[in-house]
Amino acid sequence: MTALAKKPVGIMISGRGSNMQALIAAAQDPNYPARIVQVISNRPAAPGLELARAAGIPAQAIDHKAYPDRESFESDVSAAMHRAGVEIIAQAGFMRILTAGFVQEWAGRMINIHPSLLPLFPGLHTHRRALDAGVKIHGCSVHFVSEGVDQGALIGQAAVAVHPADTADALAARVLQAEHKLYPRCLALVCRSDVVLTADGARLPPGTENDAMLINPN
Ligand code: GRF
């Protein structure tokens, strides 16, 4: 039997790294179509860097503050990803806005997870805003990264019921659990080319059910 071809994936983080850990854990399964070959943080103090190293993944800080502009920072990020052989980038709590040049270089090969049901609540403080808006269903989305922040083609979404007594923190914690399930599924779809970015959005092959892209409240 031939071994599964695992796509080399690089992860970009800025902080805690719990979604990164979910991807690393998923990739330990021999049948998972990705191996995590590099983690890069723009913040040297990101706790996720140590977590990645503890899991045996090369992890590097590329401090954006050490660069005069976004382009030079991104050029070093791209170079490090290429050196590691990365073919697909997963952003997991990466908190820098990217230039059009970087986005275009990785177009169709770079995905992100966002803690809301996009296109609702792009940007920050999504859980507080969801509570303030009174929505009954909240959740998270994985999407291809495009030039508009949190606007790229959707790959998958997980819905989470909002409870009447929810605080933003309580809701965030439940959404985060859904993120940890959704992100590995969506990365697998992209690595298998079961989802590709087209001019019309993220597309499944004709005749394919899209259940793998959706997680509903139980
Ligand atoms: C997650 O909620 C993710 O959706 C958002 O930033 C947070 C990162 O958390 N983009 P972690 O670093 O993965 O724990």
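Residues numbered from 1 in each chain as written. Predicted model: local features only at pLDDT ≥ 70, side-chain atom pairs only at ≥ 80, totals over all residues. Heavy atoms only, no water.

(A) Expanded view of the site of the ligand. Contacts to the ligand come from Arg 16, Gly 17, Ser 18, Asn 19, Gly 93, Ile 113, His 114, Pro 115 and Glu 179. Side-chain polar atom of Glu 179 to an oxygen atom of the ligand: 2.6 Å apart, as the coordinates give it. Burial of the ligand by the protein amounts to 85% of the accessible area it has alone, namely 360 Å². At the level of elements, α1 (18–27) and β5 (110–114) are the ones that each hand at least two residues to the shell around the ligand. (Near = heavy atom within 4 Å. Polar contact = N/O pair within 3.5 Å; in protein donor to acceptor, adjacent residues only side chain to side chain. Areas by Shrake-Rupley, 256 points an atom, 1.4 Å probe, with all protein chains shown as cover. Helix = DSSP H or I, 4+ residues; strand = E, 2+ residues; numbered from the N terminus.)

(B) Quick peek at α1. Most of α1 is tucked away, with eight of its 10 residues classed as buried. Among all positions of α1, only Ser 18, Asn 19, Met 20, Ala 22, Leu 23, Ile 24, Ala 26 and Ala 27 are buried. Those residues of α1 that are buried lie in contact with β1 (7–13), β2 (34–41), α2 (47–54), β4 (88–91), β5 and α6 (168–191). (Buried < 20%, exposed > 50% of the residue type's maximum accessible area, 1.4 Å probe, protein only. Contact = heavy atoms within 4.5 Å.)

(C) Just the side chain of Ser 41, in detail. Considering the arrangement of structural elements, one finds Ser 41 in strand β2. On the accessibility criterion, Ser 41 (0% relative accessible area) is buried. A distance of 3.5 Å separates the side chain of Ser 41 from the backbone oxygen of Ile 13, its partner in a polar contact.

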